[in-house]
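As a plain string of letters, each chain reads:
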Amino acid sequence: MTRSNLFLRLSAYVTAPILGAVIFLYVVGVDVLNPYNTDILLFGDTAAHYAGWSFYYLSPFGFPIGVNPSFGIEISSSIVFSDAIPLVAIPAKFIGQLLGIDPFQYFGAWLLCSFILQAVFSWLLIGQFELRYTHRLLCTALLTFSLPMIWRLQGHFSLTAHYLLLASIVLVFAQDGKRQLWPWALLLAAATLTHAYFVAMVGALWFADLCRAKWDGWRPSKAWVGEFIFMVTTVGVVAYLAGYFVVSSGAALIGYGTYKLNLLSLFDPDESWSTILPDIPNAGRGEYEGFAFLGLGGLFLLGLSFARPKALVQSLRTFFIEYWFLTLVLVVLVLYAITPAVGFGPYSAGKVPDVFERMFAVFRASGRFVWPAYYFIFLACLIFVCKRYPQVASISLLFIALTLQVVDSSQMTSQLNTFLSSVSGAKRAEIRLRGPLWDHLGAKYKKIRRLPTANISEGWLPLALYASQNKMQTDIVYLARVDQKSLTKLHQESMNIATMGDFDPDTLYVLDESVFAKISRTVREGDFIFRMDGYTLLAPNCSDCSTKAPKGVEILKPDELVPRFSKDDIIEFSYSGMGKIFLNDGWSQPEHWGVWQDGQEASLTIPLFKSDVEALSLSFLGFNGTLQRPLDVSVYIDGKPWRTVSIIDNTPQILNISLQELGKNCRLALCEVGITFVTKNTSRPIDLGTGNDPRRLGVGLTDLTFQ
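Quick caveat: nothing in here was measured; it's all calculated off a predicted structure. (Residues numbered from 1 in each chain as written. Predicted model: local features only at pLDDT ≥ 70, side-chain atom pairs only at ≥ 80, totals over all residues. Heavy atoms only, no water.)

On to the overall build of the chain, then. When you go through the chain residue by residue, the secondary structure sums to 24 helices and 17 strands. For the chain, whose C-alpha radius of gyration is 30 Å, the value lies close to the compact-globule estimate of 27 Å for 707 residues. Along the first, second and third principal axes, the C-alpha atoms of the chain reach 100 × 60 × 55 Å. In the chain, 74% of the contacts between residues at least 6 apart in sequence involve partners at least 24 apart. Accessible area of the chain: about 30,700 Å², with a carbon and sulfur share of 60%. Put simply, the chain has 56 plus and 56 minus side-chain charges, and the middle of one group is 9 Å from the middle of the other. (Helix = DSSP H or I, 4+ residues; strand = E, 2+ residues; numbered from the N terminus. Rg over C-alpha atoms; globule rule 2.2 N^0.38 Å. Contact = heavy atoms within 4.5 Å. Areas by Shrake-Rupley, 256 points an atom, 1.4 Å probe, with all protein chains shown as cover. Lys, Arg positive; Asp, Glu negative; His and termini not counted. Charge placed at Lys NZ, Arg CZ, Asp CG, Glu CD.)

The tally for this structure, following the rule as stated, stands at 1 disulfide. Bridging Cys 542 to Cys 545, the disulfide has an S-S length of 1.6 Å. Note on the Cys 542 and Cys 545 pair: the S-S dihedral is about 70°, so by sign convention the disulfide is right-handed. Owing to a relative accessible area of 2%, Cys 542 belongs among the buried residues under this scheme. (Disulfide = S-S within 2.5 Å. Buried < 20%, exposed > 50% of the residue type's maximum accessible area, 1.4 Å probe, protein only.)

Here we come to the packing of helix H7 (residues 163-173) against helix H9 (residues 196-215). Contact geometry for H7 and H9: axes closest at 10 Å, N-to-C directions at 5°. In terms of orientation, H7 lies roughly parallel with respect to H9. Only Phe 198, Met 201, Val 202, Leu 205 and Asp 209 of H9 make contact with H7, whose side of the interface consists of Leu 164, Leu 165, Ser 168, Leu 171 and Val 172. (Axes fitted to C-alpha atoms, helices over the stretch in contact; angles between N-to-C directions. Parallel < 35°, antiparallel > 145°, perpendicular 65-115°, else oblique.)

Right, let's talk about the sheet that holds strand S11 (residues 601-609) for a bit. Judged by pairing direction, the sheet is antiparallel, and its 4 strands sit side by side in the order S11-S16-S13-S14 without closing on themselves. A single partner strand is all that each edge strand has here, and the edge strands are S11 and strand S14 (640-647). Averaged over all adjacent pairs, the angle separating strand axes in this sheet is 20°, with direction ignored. (Pairing = 2+ DSSP bridges.)

This brings us to the sheet that holds strand S6 (residues 528-532). With mixed pairing, 6 strands are arranged side by side in an open sheet as S4-S3-S5-S7-S6-S8. Of all strands in the sheet, those with a lone pairing partner are strand S4 (473-474) and strand S8 (554-555), marking the two edges. Bridge analysis of strand S3 (residues 447-451) against strand S5 (residues 507-511) gives 5 bridges, and the strand direction is parallel. Counterpart to Lys 447 in the pairing with S5 is Thr 507.

Counting residues in hydrophobic clusters, the biggest one holds 167 residues, and the most contacted among them are Trp 53 and Leu 301. At 12 residues, helix H15 (residues 371-388) tops the list of elements feeding residues into this core. Aside from chain neighbours lying at most four places away, what touches Leu 301 is Leu 142, Phe 378, Cys 381, Leu 382, Val 385, Leu 398 and Ala 401. Leu 604, Leu 616, Cys 666 and Phe 706 belong to the second largest nonpolar core, which has 34 residues in total. (Core = buried A, V, L, I, M, F, W, Y, C linked by side-chain atoms within 4.5 Å.)

In this section: the pairing of S6. The element S6 is extensively covered by neighbouring structure, given that 4 of its 5 residues are classed as buried. Note that S6 and strand S7 (residues 535-539) share 5 bridges and pair antiparallel. Counted as the bridge partner of Met 532 is Tyr 535 from S7. Hairpin connection, S6 to S7: the antiparallel pair is bridged by 2 residues, and Asp 533 has positive phi, about 55°. Relative to S8, S6 runs antiparallel, the two being bridged by 2 bridges. Across the sheet, the residue bridging to Arg 531 is Glu 554, located in S8.

So, about the packing of aromatic side chains. A complete count under the given rule lists 54 aromatic pairs for this structure. A ring pair is formed by Phe 24 and Phe 115, whose centres lie 5.8 Å apart and whose planes are at 65°; its orientation type is edge-to-face. Taken together, the residues span a long stretch of sequence, with Phe 24 in helix H1 (residues 3-27) and Phe 115 in helix H4 (residues 107-127) at a distance of 91 residues. Comparing Phe 24 with Phe 115 shows no difference in burial state: the two are buried. Judged by centre distance (6.4 Å) and plane angle (90°), the rings of Tyr 56 and Phe 61 are edge-to-face. A relative accessible area of 35% places Phe 61 in the partly exposed class. (Phe/Tyr/Trp six-rings, centres within 6.5 Å; stacked < 30°, edge-to-face > 60°.)

Applying the stated criterion across every chain, the model contains 15 salt bridges. Measuring nitrogen to oxygen at the nearest pair gives 2.7 Å for the salt bridge that ties Glu 289 to Arg 152. Highlighted residues: Glu 289 in the loop between helix H10 (221-242) and helix H11 (295-306) and Arg 152 in the loop between helix H6 (147-151) and H7, separated in sequence by 137 residues. For the residue pair Glu 289 and Arg 152, the accessibility class agrees, reading buried in each case. A salt bridge links Glu 614 to Lys 567, with the shortest nitrogen-to-oxygen separation between them at 3.4 Å. With a gap of 47 residues between them, Glu 614 in the loop between S11 and strand S12 (615-622) and Lys 567 in the loop between S8 and strand S9 (570-572) connect regions that are remote in the sequence. The partly exposed category is assigned to Lys 567, whose relative accessible area is 34%. (Salt bridge = Lys/Arg side-chain N within 4 Å of Asp/Glu carboxyl O.)

All right, on to the packing of H9 against H15 then. Where H9 contacts H15, the axes come no closer than 10 Å and their chain directions differ by 55°. In this view, H9 runs oblique relative to H15, as classed from their interaxial angle. Listed contacts from H15 to Phe 198, Met 201 and Leu 205 of H9 are Trp 371, Pro 372 and Phe 376. The residue inventory of the contact of H9 with H15, partitioned by class, reads 6 nonpolar, no polar and no charged. (Nonpolar A, V, L, I, M, F, W, Y, C, P; charged D, E, K, R; others polar.)

Under the UniProt annotation, the feature "domain: DUF6311" (unreviewed entry) is placed at residues 18-409 and 438-540. In this annotation, residues 438-540 is assigned 40% helix and 21% strand; the end-to-end C-alpha distance for the span is 15 Å. (UniProt positions renumbered as here; feature names shortened; annotations may be inferred.)

Let us now look at the side chain of Ser 168. Among the secondary structure elements, Ser 168 is positioned in helix H7. Leave out the neighbours within four places in its chain, and Ser 168 touches Trp 184, Leu 187, Val 202 and Leu 205.

The subject of this paragraph is the environment of Ser 158. Here Ser 158 lies in the loop between H6 and H7. The class of Ser 158 is buried, set by a relative accessible area of 0%. Through-space distance from the C-alpha of Ser 158 to that of His 49 is 9.3 Å; in sequence the pair is 109 residues apart. Apart from the residues lying within four places of it in its own chain, the contact partners of Ser 158 are Asp 83, Ile 85, Trp 110, Thr 194, His 195 and Phe 198.

Here we take up helix H3 (residues 86-99). Taking 1.5 Å of rise per residue, the 14 residues of H3 would be expected to cover 20 Å, and the 19 Å separating its terminal C-alpha atoms lies within 8% of that figure. Those residues of H3 that fall on the buried side of the exposure criterion are Pro 86, Ala 89, Ile 90, Ala 92, Lys 93 and Gly 96. Buried residues along H3 sit against helix H2 (44-58). Looking one or two residues past H3, Gly 100 carries a phi angle of roughly 70°, positive in sign. (Expected span 1.5 Å × (residues − 1).)

Encoded structure:
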């Protein structure tokens, strides 16, 4: 090998990482690389990812090694469902604990590696087409400056690992007569430890490659089956160790058909990703998940390809013949991304069948599945221009495309650079809870809980950060997936704690307004109730807390927790209404319209304190499935049978309850009205084929009017 050839090869191995790092610095900047600059991560979903990691790091290793028990306690899952990138989190925890390093963040380093690896695999991919150094450099830069990847900097850092897709394409084209068994196995394992969506996409490309090997005759049937079993086993074992299977129910969510690909996504700059091209209105609110804008430079290359139609058709025909199964897989992925609810710009047609919504609920953000096809389209345009245009002209055209790509998106990349700077991080740090009383409580209690328990409750982030900072366990969490059975059980147990006053002396409680009335009756002597920084808290057996309370802390008496109601007040049971404060056991989470009974029995308690209210008017609906039978509801008041209602249609029902008939006088003291609904013939939408909802629904409360 001559010195010039050796220099060229060595420079090639250095070029790609440097190029990836340069693009990273241009788009992201350096501030996020500081491992102790955690405030920069306190935005959107990224804050949840960091919170999950911070608890995982402070916890001892368990089994499976991805479990994260301190973040959620009874409803905890694993580092997987915090989207904290197990591929980095697990070794970072091991090394950090071994060396005794203070809590840190690795997300900045992860982003740098994503850009570098994006460039490296782009370089390797382009290198398979025997292009000159200058062509290879420009093509690598264009693939590295991938707008769908950069778009993910707005919140889902784990989804910037598009290099996994490029590495898969490298293996697809690396046909040297032998199977790339171990590279595929390592790639699938890495995808599993990064994000579940990458497992599906990389797995689809691997399967296409495997089927091509079998079809071409250089992969015997026995070896084909053996490789299939080996890969599935590899993914299963890695997924188990990472903690994918700790959630037994609740991994599937509704949304397939909402978070989809619009047919015009390749041309849609999504409001801010082009300074020249106009935004194309979308048909649905969730079509951002299918963001696949080629960029002005990419569209320029696409136009150059269509400018030579005969050569383009010939090239595509050759590709389809040689890679027909890969083409089929890409088409299937794109169809899945589009969903039956097709969006074309602002227009939509079709509807996702209920069976599809149930079947595909695990990967509900289907729009992401366009990414493999996106890279094949971009790659095809690059290779076509390099091969079908003269050398000097093609280099000039690639340079123009790169310039257009960078300059046209500069407004958004500049915003991202500012957004991920220390200046922005310093502003986000203001949400952290600080002060002498917070410090005292952090030292006194081992846990901080919410009453009642909920996933992604309002104001969860400052409390979760506070718990992590003070090494407290917490059920105040944001989890991408949560075991619904465990959550329902813990919600009921937390309501029982509020009702019975069985407060754990090692736990600081954050009170939702729905338990105020209960707490007012069960609080004990020595328990400290107060409002601070927008939260209402109960500190059990904390008689010295009042002496440490600074100015601005509102110390509350128990009866001050009881809400006051007057005639003509209307209370809604929606998620934004106050009706949730009345709910006891047996109810689901409030929705935009009201709240469903979940199970055969559900109750609520309506407190009235020195009130002029004389009657209650409670409005509700009935869920009777296919309307083939009436819904029979027995109503009890204060534990005594009061009325039976038979609901035969969707007409709203009204219960008018006179306090005088119940013998209650609420003008001078606290009195309560307990209402219980017993519905024996409840039904589940999932059993009726009308949706993916596993709840057993009965009555649905809409509003309450005081008269």
